[in-house]
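Single-letter residue listing:
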Amino acid sequence: METFKTFMSTEKNKNSDVLQQETIHWSSYTDKDLALCKKTIRHLHGRMNTSLDVKATDYDKQIVLADIKYGGIYRPRDCKQKDSVAIVIPYRDRIEHLNILINHLHAMLQRQKLYYGIYVVEMSLPVQFNRGLLANAGFMTAQSIGTYSCYIIHDVDLLPLNDFNEYKCSPNNPKHLVTKNSKFKNDALPYTDYIGGVLALTTEQYYRVNGFSNLYFGWGGEDDDMHLRIKARNFTIVRNAEHIGVYLALPHNGDSSNPPNPYRDLLLQQGAYRMNVEGLSSISYIRKSLEFRQLYTWVLIDCVESEIMSHYSNLRISGKDYIKKNKIRTHSKHYVKNSNLHVASKLRVNRPSRLLRRQIVRRT
Ligand code: UDH
Ligand code: NGS
């Protein structure tokens, strides 16, 4: 079965570690005679004792480098996986974390016998970091390269510590792969609806929620906005048992280069109403570079914050006024205070316009 498209990159070849300007045939061997991979714990380690002083090279020996294709794409040789998973890492200026995570993931995902590709998506300076937009750009890039059925949006500083935490999507609902995170007190998630860190959505789920919002420049809120989208589409969040989704947070300095976004609460108040027209369907960016590196595909994008935000000048008004002004109907005007943010509850979100529905279908 040929699941990967032949991809032609038009970039120049600058680096011997990077495969570019070349036609890549992902299917150098055929898996058509192989049996489907079975879920087995034989190759797994369970809970790993990774400490905070992990180094980028600690995992090298565990990785079967020979089987990883340029671009960080792998599939098991001895069995066939019917699903393939794209790991999308929104990234800027955390090279040490990236090297550790990439090594760790390859080793673990190979043990899990998954068919996967890793995509690191970076935003060029001086634009404010935007995790949601990068996730969307990674989703679109991965889609143009392979036929992935599952997308896992992954923070660069989180190491999964239990390899029973299978990096697969759940067919009916988005899956939050984090159940414990060492950066929080007692490793406990800060609030029930928290879906930050590592989130898995099938292709269909990603389209249904229209991806992430592209409007969250700076720190905070894009994950809560995604939660609103998920809820508005009547999905729930599923998680593994607590002892499975355990993560080690690699330490980093408070990010002066990624300051909290002062508009995040306002954006959130209107999030569920905007979701039909803003997100994957409205994304605007320029892909400046695409490199098939040995262990991952690297994508560099550029966007103009003022241009993206210029369509949303009404952000300065409160959620309630926005609803009134735009005559949006809700079941309830009741707002619940959840942690430090306001979330519109019991929303009735309009169906996407016919035009948007057509776009969604065409893209899938
Ligand atoms: N990221 C980068 N580079 C950056 C910023 C973010 O790569 O400069 C990516 C990376 O994948 C990271 C993710 O975005 O794991 C989330 O960003 P983060 O690690 O900065 O966010 P987190 O919530 O910590 O983990 C932020 C600490 C400051 C909180 C201040 C608010 N009170
Ligand atoms: C919430 C943020 C989320 C963030 C979470 C955990 O307050 O984006 O804290 O942050 N929501 C808003 O700001 C609206 S953390 O402790 O990981 O830095 O993910």
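Note that the structure is predicted; figures quoted are calculated from it, not measured.

Asker: Please provide a residue-by-residue account of the overall build of the protein, values included.
Answerer: When helices and strands are counted, the protein shows nine helices and 15 strands. Buried positions account for 55% of the 364 residues belonging to the protein. Within the protein, residue pairs in contact and separated by at least 24 positions form 80% of the contacts whose partners lie at least 6 positions apart. Summed over its atoms, the accessible surface of the protein is roughly 17400 Å², and 50% of this surface lies on carbon and sulfur atoms.

Asker: Tell me about the site of ligand 1, residues and numbers included.
Answerer: For ligand 1, the set of nearby residues contains 14 residues, the closest of which are P90, R92, V156, K183 and W219. R94 is positioned such that a nitrogen or oxygen atom in its side chain is 2.9 Å from an oxygen atom of ligand 1. Compared with its free state, where it exposes 670 Å², ligand 1 has 77% of that area covered by protein.

Asker: Describe the pairing of strand β11 (residues 246-249), listing the residues and the values that go with them.
Answerer: Note on strand geometry: in a regular strand, side chains alternate between the two faces of the sheet. Along β11, one buried face is formed by V246 and L248 and the opposite face, lined by Y247 and A249, is buried too. Across three bridges, the pairing between strand β7 (residues 158-160) and β11 is antiparallel. Among the inter-strand pairings, L158 is bridged to a residue of β11, identified as A249.

Asker: For the sheet that holds strand β9 (residues 180-181), give the residues involved together with the corresponding values.
Answerer: Strand order in the open sheet formed by three strands is β7-β11-β9, with mixed pairing between adjacent strands. Each end of this open sheet is capped by a strand with a single partner; those strands are β7 and β9. In this sheet, β11 lies alongside β9 in parallel orientation, the contact comprising two bridges. Of the residues in β11, the one forming a bridge with N181 is Y247.

Asker: Residue-level account of the site of ligand 2, with values.
Answerer: Within the structure, ligand 2 sits among 14 residues, and K183, G221, D223, D224 and R264 are positioned closest to it. Across the complex, the protein chains shield 80% of the 450 Å² of accessible surface that ligand 2 would expose by itself. Those elements that provide at least two residues to the shell around ligand 2 are α4 (222-232) and α5 (264-269). Considering only residue class, the shell around ligand 2 consists of six nonpolar, three polar and five charged.

Reading the values: the criteria
Residues numbered from 1 in each chain as written. Chains lettered and ligands numbered in written order. Predicted model: local features only at pLDDT ≥ 70, side-chain atom pairs only at ≥ 80, totals over all residues. Heavy atoms only, no water. Helix = DSSP H or I, 4+ residues; strand = E, 2+ residues; numbered from the N terminus. Buried < 20%, exposed > 50% of the residue type's maximum accessible area, 1.4 Å probe, protein only. Contact = heavy atoms within 4.5 Å. Areas by Shrake-Rupley, 256 points an atom, 1.4 Å probe, with all protein chains shown as cover. Near = heavy atom within 4 Å. Polar contact = N/O pair within 3.5 Å; in protein donor to acceptor, adjacent residues only side chain to side chain. Pairing = 2+ DSSP bridges. Nonpolar A, V, L, I, M, F, W, Y, C, P; charged D, E, K, R; others polar.

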